[in-house]
Amino acid sequence: AGDLFVCWYFSTGEPLLNKHLGDIVAETRGKEIFSCISTNLSLPLTDARIDELLTCGLGCISGSLDGASSETYVQYRRGGQFDLVVGNMRRLVARKRELGLRLPHIEWRFLVFEHNHHEIPRARQLAREWGVDLLEFYPGLAPIDPPVGEVRAVPANLPLDLAHEGPA
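Let us look at the structure shown here. (Residues numbered from 1 in each chain as written. Predicted model: local features only at pLDDT ≥ 70, side-chain atom pairs only at ≥ 80, totals over all residues. Heavy atoms only, no water.)

## Let's talk about the overall build of the protein chain
Assigned secondary structure in the protein chain consists of five helices and five strands. Along the chain direction, N to C, the helices and strands of the protein chain fall in the order β-α-β-α-β-α-α-β-α-β. Taking all 168 residues of the protein chain together, the buried fraction comes to 43%. Counting only contacts in the protein chain whose residues sit at least 6 apart along the sequence, the fraction spanning at least 24 positions is 72%. Surface accessibility of the protein chain: about 9,100 Å² in total, with carbon and sulfur atoms responsible for 54%. (Helix = DSSP H or I, 4+ residues; strand = E, 2+ residues; numbered from the N terminus. Buried < 20%, exposed > 50% of the residue type's maximum accessible area, 1.4 Å probe, protein only. Contact = heavy atoms within 4.5 Å. Areas by Shrake-Rupley, 256 points an atom, 1.4 Å probe, with all protein chains shown as cover.)

Here you go:
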C-alpha cells in the first residue's frame, strides 16, 4: 500500500452487495489512502449499515440518482425505486451530520440524458435542501438515435458543466 493513494471500490458491480465492504475499506484507514464507492443506493440499508458506511474510512460515497423525480429516474434505472434511493441518500447525509463527521463526502451523481436534462435546476435545489456535499452532472452513455421509447443521449448542443458543485 506504500504507493496507493486512491482506492475506488466500484466498476465491477454494486459495492453494497459485498457484506464485507466495511471491513475491506477499513484496511485502508490510517494509511493516507482516499477510498470511494460508487453505488446506485438501490438496496434497503439498515441503520447499522448506514453507520458502517459512514465510519469504515471511506472518503466519498457517490450515489447515482439520475433524475429529480420518479418519472425520469425510472426511465434509465428500469425497475428502480426513486423513493428508496432518495431515502438512502438523505439518511446518509443526516446520520453523517448527527455523528459530526467531515468524511465521507456524500455525492449525488446525476447521469444526464435527453429525458432528464430539464431537471438539472430541480436537482440543484434538492441537493441544497438535502445537504449533499457534492453534486455532479455527467453525460450518461446512451445512443444518440435509439429506437423509439429507449433512453437517448443528452443533446450534443446542450451546455453541460461537468464540474462538481459543492457544497451543493
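## Looking at the sheet that holds strand β5 (residues 134-139)
If you walk across this open sheet you meet the five strands as β1-β2-β3-β4-β5, and the pairing is parallel. The open sheet terminates on both sides in strands that have one partner only, identified here as β1 (6-9) and β5. The sheet shows a mean angle of 20° between the axes of neighbouring strands, direction not considered. Judged from the four bridges that link them, strand β2 (residues 34-39) and strand β3 (residues 60-64) form a sheet pairing that is parallel. (Pairing = 2+ DSSP bridges. Axes fitted to C-alpha atoms, helices over the stretch in contact; angles between N-to-C directions.)

## So, helix α5 (residues 120-130)
Of all the residues in α5, the buried ones are I120, A123, L126, A127 and W130. The buried residues of α5 occupy an angular sector of 115° when projected down its axis, which confines them to one face. What points out from α5, more than 90 degrees from its buried face, is the exposed set P121, R128 and E129. The elements touched by buried residues of α5 are α4 (82-99), β4 (105-112) and β5. Once α5 finishes, G131 follows within two positions and takes phi at roughly 85°, a positive value. (Arc of directions from axis to C-beta.)

## Considering the pairing of β1
Residues of β1 alternate between two faces, with C7 and Y9 buried on one and V6 and W8 left unburied on the opposite face. Looking at chain direction, β1 and β2 are connected through four bridges and run parallel. Bridged to V6 within β2 is F34. With helix α1 (residues 21-26) bridging β1 and its parallel neighbour β2, the resulting β-α-β unit is right-handed. (Right-handed = clockwise from strand over helix to strand, strands pointing away.)

## Brief notes about the packing of aromatic side chains
With the rule as written, the count across this model stands at five aromatic pairs. Aromatic rings pair up to connect W108, F110, W130 and F137 into one cluster. Lying over the aromatic face of Y138, R109 brings its terminal NZ or CZ to 4.5 Å of the ring centre. (Phe/Tyr/Trp six-rings, centres within 6.5 Å; stacked < 30°, edge-to-face > 60°. Lys NZ or Arg CZ within 6 Å of the ring centre and 35° of its normal.)

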